[in-house]
Amino acid sequence: MNTTKQDTSTLTLLGNQNTKYVFDYDPSLLERFPKKFEDSCEDEQIVSLDCFEYVSQCPLTHQPDLATIHIAYIPNKYMVESKSLKLYLFSYQQHGDFHESAVHMIMDDLVKLLEPKYLEVYGDFNSRGGISILPWSCFADDDHKELKKSRQLSVLAHNLDHKPRTC
């Protein structure tokens, strides 16, 4: 089954040679396309995206904050177009916000765009001043609340179990 012109008619960035780079937060850059296949509850598709070159600014010092942003989701009807995601994340470059807020904003914007069954965003920020900040935010529809709870406990346990002891 091939993707048709109709499936991609709403995409404006993919293949566009005149890409404009926006330097401040702009969720309107995000684009989606319809998911091609229906899933059963036992066989849901999972999409994972690793974005290795995320940069934002500290809202107080204006120093650059560098991170890898990990996104995973179970699509409902839509998938995120990867070039639009790249440009959207690029738009944070001059945006001043704390790590935790930025990760939550990314999650919120993707939930609004995709209306997924489940979505999580994890920010692996480079340490600054000897402190690593690893924010994680997630969304689940009613059918995936148990998954959300399980993932929250898993992330919490992993983070606590892998920290060096100082006392």
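Before going into details, it helps to say that this report is about the structure given with it.

How each quantity is defined
- Residues numbered from 1 in each chain as written.
- Predicted model: local features only at pLDDT ≥ 70, side-chain atom pairs only at ≥ 80, totals over all residues.
- Heavy atoms only, no water.
- 1 Å grid on protein atoms, 1.4 Å probe; cavity = no way out; pocket = protein on both sides within 12 Å on 5 of 7 lines; lining within 4 Å.
- Points joined across faces, edges and corners; volume = space filled by probe spheres on them.
- Helix = DSSP H or I, 4+ residues; strand = E, 2+ residues; numbered from the N terminus.
- Nonpolar A, V, L, I, M, F, W, Y, C, P; charged D, E, K, R; others polar.
- Pairing = 2+ DSSP bridges.
- Axes fitted to C-alpha atoms, helices over the stretch in contact; angles between N-to-C directions.
- Phe/Tyr/Trp six-rings, centres within 6.5 Å; stacked < 30°, edge-to-face > 60°.
- Buried < 20%, exposed > 50% of the residue type's maximum accessible area, 1.4 Å probe, protein only.
- Lys NZ or Arg CZ within 6 Å of the ring centre and 35° of its normal.
- Contact = heavy atoms within 4.5 Å.
- Polar contact = N/O pair within 3.5 Å; in protein donor to acceptor, adjacent residues only side chain to side chain.

## Regarding the layout of surface pockets
Inference 1: A volume near 290 Å³ is recorded for the largest pocket.
Inference 2: Lining the largest pocket are 13 residues, and of these Cys51, Glu53, Lys86, Leu89 and Phe90 lie nearest its centre.
Inference 3: Broken down by secondary-structure element, the contributors of at least two residues to the lining of the largest pocket are strand S2 (47–57) and helix H2 (82–90).
Inference 4: Grouping the constituent residues of the lining of the largest pocket by class yields nine nonpolar, two polar and two charged.
Inference 5: Space inside the second largest pocket adds up to approximately 220 Å³.
Inference 6: Together, 14 residues line the second largest pocket, and Cys58, Asp65, His99, Arg128 and Ile133 are the ones closest to its centre.
Inference 7: Sort the elements by how many residues they give to the lining of the second largest pocket and strand S3 (residues 64–74) lands first, with three residues.

## Description of the sheet that holds S2
Inference 1: Strands sit in the order S2-S3-S5-S6 across an open sheet of four strands; the sheet is antiparallel. In the strand order of this sheet, the two ends are held by S2 and strand S6 (136–140), each with one partner. When strand polarity is set aside, the average angle formed by the axes of neighbouring strands in this sheet is 15 degrees.
Inference 2: Relative to S6, strand S5 (residues 118–125) runs antiparallel, the two sharing five bridges. Within S6, the residue paired with Tyr122 across the bridge is Trp136.

## So, the packing of aromatic side chains
Inference 1: For the structure shown, the criterion picks out five aromatic pairs.
Inference 2: Between Tyr54 and Phe125, the aromatic rings sit 5.9 Å apart at their centres with planes inclined by 90 degrees, giving edge-to-face as the arrangement. Within this pair, whereas Tyr54 is found in strand S2, its partner Phe125 is found in strand S5, the two being separated by 71 residues in sequence. Taken as a pair, Tyr54 and Phe125 share a single burial class, namely buried.
Inference 3: Three or more aromatic residues joined by ring pairs make a cluster, and in this case those are Tyr25, Tyr54, Tyr88, Tyr92 and Phe125.
Inference 4: For the cation-ring pair, Arg32 lies above Tyr78, with the distance from its terminal atom to the ring centre recorded as 3.6 Å.

## What to know about the environment of Lys20
Inference 1: Mapped onto the fold, Lys20 is located in the loop between helix H1 (5–8) and strand S1 (32–34).
Inference 2: With 67 residues separating them in the primary sequence, Lys20 and Leu87 have C-alpha atoms 8.7 Å apart.

## Things to note about the environment of Phe90
Inference 1: Looking at the element boundaries, Phe90 is found in helix H2.
Inference 2: Note: C-alpha distance between Phe90 and Val55 (35 residues apart in sequence) is 7.1 Å.
Inference 3: Ignoring any residue separated from it by four or fewer positions in sequence, one finds Phe90 in contact with Tyr21, Val22 and Phe23.

## Some details on the side chain of Asp65
Inference 1: Within the secondary structure layout, Asp65 lies in strand S3.
Inference 2: Judged by its relative accessible area of 8%, Asp65 falls in the buried class.
Inference 3: A distance of 3.3 Å separates the side chain of Asp65 from the backbone nitrogen of Cys58, its partner in a polar contact.
Inference 4: Within polar-contact distance, the side chain of Asp65 engages the side chain of Arg128 at 2.6 Å.
Inference 5: Once residues within four sequence positions are removed from consideration, Asp65 is found in contact with Tyr54, Val55, Ser56, Gln57, Cys58, His99, Phe125 and Arg128.

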